[in-house]
Amino acid sequence: MTRRHTALIVLFLVVGSGVVAPLSAQQDTLRRGVRLPDSTMNSGLLQASGASMSQSPAGVSHAEVVERLRQSGLTRDEAHDRLTEQGYDPAIVDPYFDVIDGGAEPPRGDASPGTLNALASIGIAVEPTGAVRAPSAPAAVPADSAEVNELEVFGRALFERATSQFQPVLAGPVGEDYRLGPGDELTLVLTGDVELFYTLPVSREGFILIPDVGQVSVNGLTLKELEDHLYDRLGRVYSGVRRGPDATTHFQVSLGRLGVNQVFVIGDVVRPSAYQVSSVATVLNALYRAGGPTEDGSFRHIVVRRGGRILRTIDLYDYLLYGDSRSDVRLEQGDIIFVPPAGPQVRVEGAVHRPAIYELAEGDDLRDAIGFAGGFEADAVVQRVQIDRILPPAERRPGVDRVLVDVDVTRFLGDTTAAFPLRDGDAVRVFAVSKQRRHRVVLTGDVRRPGLYQWSEGLTLWSLIAQAEGLTESAYTPRAHIYRLNETDGSRRLIRVPLPADSVRPEVADVVLADQDSVVILSRERLRTPALVSIDGFVKEPAVYPLAEGMTIADLILAAGGFVSGAYAVEAEVARLPAQLERSDTTAVIYRVPLGGAIAGDGTERTFGFGGAASDSNASMVPVWLPEPDEFVLRPGDRVFIRKAPGYELPAEIRLTGEVVWPGTYILETRQERLAHLIQRAGGLTEEAYPPGLQLFRGGTLVATDLPRALREPGSRWDLVLQPGDSVHVPEFDPTVRVTGAVAFESRILYEPGRGLDYYIERAGGYTDRADAGRTTVTYLDGERATVDRTLLFFRSTPEIRPGSTILVPTQPAGGGFDLDRFINRASGMALALLAVLAGVQQLKK
């Protein structure tokens, strides 16, 4: 058989097995980002995926992931289900749920991008705590565009605020002109010969029914008119009811509860509708219920209709500007309040008390608009009020749609007959005076009262300093700076002036100041290079400190709060800059300075003591430096280091949870303490413990080991040496096997010793049509994982199933896309099978 025949057979087997993906699948592969040989195509894929890759979260700690999962409210099983649907390994979230369930500590370090992407796919996006979002670029503004500020329509704020100020009264008292009607409720009290109390509702027909008296018509009557009417009706039944001092029975009638009217608020209001309002409600009450006019609604021409006619037209500006509510109307049943579109509107902004958008009524002009805005502010420039006007269509020309009009308002202030009419859409801008101050000088620096001062002709430097109560002690007297304005170009020139030490005769260097001069008195402290030293290491407040003359290491240690526990108080290390100015290999000179128990050069002994009373155990004592007169004197730039004592070690903690007799936090006894010894210290395992499932987390990573073997063989390689920060969890025995993923129904199946993978898949209903059986994964309680291993042809090896295992059957990619790994596996399997067949043929030929 020739090589050509062999190649044809291989191609036939590959195509026949469906390994070669169709063109659509290849295109889907490109979309999924599979790396193909074409370098051009690869570069395009990288560019296309660059946006999403750059946006993946970075620097997210495992603790933040735990907190985000806790906030999501998902259970472990729900998270597993969602991850499986998205094609991710559900075991990704198990370490985090172990923390949430109280069985483990959060892993250290940051979560991997794969974990964050998996969580994002199920709707749990985790961002780093210190993430900083880049500000968006501001939109470009055309140079010729008119400046437009956000202004509100005047009056809208009153109706937007949530308040009860416009709620009508629901019970008396009411005005004398209130007329009774259906829905009202009266109270009648009789005293004297009889003692009676009646609650009398007004019927729909407009009458009340008084016991023993009969029907009394009250519709349209005021309380005064009703009282006059009742004298006659009640007097017929109760003889003591009459006018005058000889009456033996008295009555009193009052309004208990008000009736309700239905009115209609329509037009340009926020909430047009029919409203049930009190019988004493007015137009303002109804408008407030409806949210008031919209930004396009009129505040000046609100129409009230009653019985098909216009009852009144209301201008809300009378109420809003002057508090005049005389035009308000009490509403009756069926009244209609109509808010038409707004009339001509103008913008008033700038140096006025109340910038806003105002509606003009007939006859309103510029004077009225400024009055609506509360008038001018103190800094307003009334000589030039600018109006940005949109020309009417008849006056427009190509390129000329709007114009600016400057108006001198001073001529309106004294002449009440002068008027400047405004048009719809005008923008009135009142300018403010310049912020620049004249007739002033600025004095800054080392004087006792720096600030702005008045300038007048003949003001000199020393007279200005005298007004500022003189120089401070740290003032730099050899030179002062005066910055003077050049009127021609707006720049400033510098004038240097010496300040003599003898201020009794300042005229020697006195200078006459000019308007807008800026005088700067320099400071010796600011000019001097600060002398600093630093201390670091085992002191309470390591930092950089100013160097005072004669400061020693002892002084610096005291300034830093003294030593902390574990400090090596025998000596300090000092790094000092070399004295030479030329470049050399030496970058620092290191001194090891004894702090106690050493002999000084003069033969005196330096002592070292401990704070507090003496004790047999000095483990809790903090060393305190006892200063001596001939200590090591520091220089500028010195860096002092207090090292840790060689034998000082902080207690190393580990956490043991799960099925042990005494779970909790433990301190390592020795540097080489092992796992088996820790279990022994914890009282051993409980009866419910499952030793093969032990989980040991180190630095956020699961470390695989064999606890049963470690307990049988103490000191062996399985008996791991523990490290600070380790977290050990002994799970309880789980007699089930969880089957999840692309199976007929996910379930937990009772563990059967000796049963293989296919048994549990079959008990779960078998694989679904989209199951990817070749990538089935088995996760054990100890975190170890195993996958199905495909060998030649139809042979495969399956992982061992243990108690508490989780079998995950992933789903094939959507659309049956091209899987490069599967292609390689199948092609290699077919090639090996073909080689075996060829070898057999060759043997037969022999």
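This text goes with the structure placed above it.
Calculation rules
Residues numbered from 1 in each chain as written. Predicted model: local features only at pLDDT ≥ 70, side-chain atom pairs only at ≥ 80, totals over all residues. Heavy atoms only, no water. Salt bridge = Lys/Arg side-chain N within 4 Å of Asp/Glu carboxyl O. Helix = DSSP H or I, 4+ residues; strand = E, 2+ residues; numbered from the N terminus. Buried < 20%, exposed > 50% of the residue type's maximum accessible area, 1.4 Å probe, protein only. Core = buried A, V, L, I, M, F, W, Y, C linked by side-chain atoms within 4.5 Å. Contact = heavy atoms within 4.5 Å. Pairing = 2+ DSSP bridges. Axes fitted to C-alpha atoms, helices over the stretch in contact; angles between N-to-C directions. Phe/Tyr/Trp six-rings, centres within 6.5 Å; stacked < 30°, edge-to-face > 60°.

J.: Which parts of the structure should I look at to understand the pattern of salt bridges?
T.: Side-chain pairs of opposite charge can arise whenever the charged atoms involved come near each other. All chains considered together, the criterion is met by 34 salt bridges. Two residues, Glu 473 and Arg 448, come together in a salt bridge whose shortest N-O distance is 3.1 Å. Highlighted residues: Glu 473 in the loop between helix 14 (461-467) and strand 18 (480-485) and Arg 448 in the loop between strand 16 (440-445) and strand 17 (451-454), separated in sequence by 25 residues. A relative accessible area of 60% places Glu 473 in the exposed class. Between Arg 775 and Asp 772 there is a salt bridge; the shortest N-O distance is 2.7 Å. Here the residues in one salt-bridge network are Glu 571, Glu 573, Arg 592 and Arg 643, joined through shared partners.

J.: Would you mind going over the nonpolar core with me for this structure?
T.: In globular proteins that are soluble, nonpolar side chains generally tend to be buried together. In this structure, Leu 287, Leu 366 and Leu 422 are the most contacted members of the largest nonpolar core, which totals 51 residues. When residues of this core are assigned to their parent elements, the largest contribution, 5 residues, is made by helix 10 (residues 283-289). Setting aside chain neighbours within four positions, we find Leu 422 in contact with Val 346, Leu 360, Asp 365, Leu 366, Ala 369, Ile 387, Arg 389 and Val 428. In this structure, Leu 200, Val 218, Leu 230 and Val 253 belong to the second largest nonpolar core, which totals 23 residues.

J.: I tried to follow unusual backbone geometry on my own but got confused; where do I start?
T.: Backbone phi values are negative for most residues with the exception of glycine, while trans is the configuration of most peptide bonds. In this structure, Asp 212 takes a positive phi of about 70 degrees despite not being glycine. On the basis of relative accessible area, Asp 212 is assigned to the exposed category, the value being 64%. A positive phi angle, close to 55 degrees, is found at His 439, a residue other than glycine.

J.: Hey, could you run me through the sheet that holds strand 14 (residues 402-407) in this one?
T.: Strand pairing in a sheet is mediated by backbone hydrogen bonds. Such pairs are either parallel or antiparallel. The strand order 12-11-15-13-14 describes an open sheet built from 5 strands, whose pairing is mixed. Lying at the two open borders of the sheet, with one neighbouring strand each, are strand 12 (356-359) and strand 14. Each neighbouring strand pair of the sheet contributes to a mean axis angle of 25 degrees, computed without reference to strand direction. Note: strand 13 (residues 380-390) against strand 14, 6 bridges, orientation antiparallel. Bridged to Ile 387 within strand 14 is Val 405.

J.: Help me understand the pairing of strand 11 (residues 345-350) in this model?
T.: Direction of pairing for strand 11 relative to strand 12: antiparallel, over a ladder of 4 bridges. By the bridge assignment, Val 348 is partnered in strand 12 with Ala 356. The turn linking strand 11 back onto strand 12 is made up of 5 residues. Pairing of strand 11 with strand 15 (residues 427-432) involves 4 bridges; the strand directions are parallel. Across the sheet, Gly 350 pairs through a bridge with Val 430, a residue of strand 15.

J.: Before we go on, may I ask you to explain the packing of aromatic side chains in this structure?
T.: How two aromatic rings sit relative to each other is set out by the distance from centre to centre and by the angle between their planes. The tally for this structure, following the rule as stated, stands at 9 aromatic pairs. When the ring of Tyr 231 is compared with that of Phe 251, the centres are 4.8 Å apart and the planes differ by 70 degrees; the resulting orientation is edge-to-face. In this pair, Tyr 231 is assigned in helix 9 (residues 223-237) and Phe 251 in strand 5 (residues 249-257), connecting sequence segments 20 residues apart. The class of Tyr 231 is partly exposed, set by a relative accessible area of 23%.

Keep in mind these values describe shape, not function.
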